[in-house]
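The lines below spell out each chain.
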Amino acid sequence: MGPAGDRGSDAAGGGDALSLAAFRTFLFDLDGCVYLDETLIEGADRFIAVLRARGKRVFFITNNSAMSAQGVAERLTRLGIPTPTAEVMTATDATATYLHETLGPCRVLVLGARSLAEGLAEQGHTVLPMRDYRNAQAVVVGRDLDLTYERLTLAARAVDAGA
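Residues numbered from 1 in each chain as written. Predicted model: local features only at pLDDT ≥ 70, side-chain atom pairs only at ≥ 80, totals over all residues. Heavy atoms only, no water.

**Notes on the overall build of the protein chain**
Thinking step 1. Scanning the protein chain from N- to C-terminus turns up five helices and eight strands.
Thinking step 2. The C-alpha atoms of the protein chain give 21 Å as radius of gyration, which overshoots the globular expectation for 163 residues (15 Å, by more than 25%).
Thinking step 3. The long-range fraction of contacts in the protein chain, counting pairs at least 24 apart against all pairs at least 6 apart in sequence, stands at 61%.
Thinking step 4. As displayed, the protein chain has an accessible area near 9900 Å², and 53% of this comes from carbon and sulfur atoms. (Helix = DSSP H or I, 4+ residues; strand = E, 2+ residues; numbered from the N terminus. Rg over C-alpha atoms; globule rule 2.2 N^0.38 Å. Contact = heavy atoms within 4.5 Å. Areas by Shrake-Rupley, 256 points an atom, 1.4 Å probe, with all protein chains shown as cover.)

**Comments concerning the environment of D146**
Thinking step 1. Along the chain, D146 falls in the loop between β8 (138-141) and α5 (149-160).
Thinking step 2. For the pair formed by D146 and A156, sequence separation is 10 residues and the distance between their alpha carbons is 16 Å.

**As for helix α1 (residues 44-53)**
Thinking step 1. Along α1, the residues classified as buried are A44, I48 and L51. The arc that holds the buried residues of α1, viewed along the axis, is 55°, so those residues lie on one side. The outward face of α1, more than 90 degrees from its buried face, is lined by the exposed residues R46 and A53.
Thinking step 2. Looking at the buried positions of α1, the neighbouring elements they touch are β1 (25-29), β3 (39-40) and β4 (57-62).
Thinking step 3. Where α1 ends, the next residue or the one after it, G55, has phi of about 80°, a positive value. (Buried < 20%, exposed > 50% of the residue type's maximum accessible area, 1.4 Å probe, protein only. Arc of directions from axis to C-beta.)

**Some details on the sheet that holds strand β5 (residues 88-90)**
Thinking step 1. Read from one edge of the open sheet, three strands run β1-β4-β5, paired in parallel fashion. At either margin of the open sheet sits one strand with a lone partner, and together these are β1 and β5. The sheet shows a mean angle of 25° between the axes of neighbouring strands, direction not considered.
Thinking step 2. Here β4 runs beside β5; their pairing, made up of three bridges, is parallel. Considered in β5, the bridge of F60 is made with V88.
Thinking step 3. The strands touched by α1 are β1 and β4; relative to β4, the strand with the most contacts, the crossing angle is about 140°.
Thinking step 4. The strands that helix α2 (residues 69-78) touches are β4 and β5; relative to β5, the one it contacts most, it runs at about 130°. (Pairing = 2+ DSSP bridges. Axes fitted to C-alpha atoms, helices over the stretch in contact; angles between N-to-C directions.)

Now the structure itself:
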């Protein structure tokens, strides 16, 4: 409540509560906000449908590098939220864009899921085999269920060599 105790005041105090009408675009984190594993959070589909019906733009973001944007869009659609791939931004997408902006298409050593390596390659980067760590211009780390001390050591050596 605001300083006067009215429920229409914002959390900072003094202002009116913001309405959905004040926003044109909504970004939703996924894991734990829209879904949890393969279970939709109750009401998420209805809320997103209302936003879209009102002409709002809806996008989904995730820091999960183990799933491609297409995989995320397919999951959302399967769970009842029809979603084109263009409305999804993953950690892989953000990383690939950052690498392009800072290094251009580059040689990357990846510690992470196969989808992370595939996503970087699809966006123009060359994913190196671990044995070629000396040639890496960047090391990208994501969720890696196959992480070993050997792979970690090679990534550290790549960084030491200038990646």
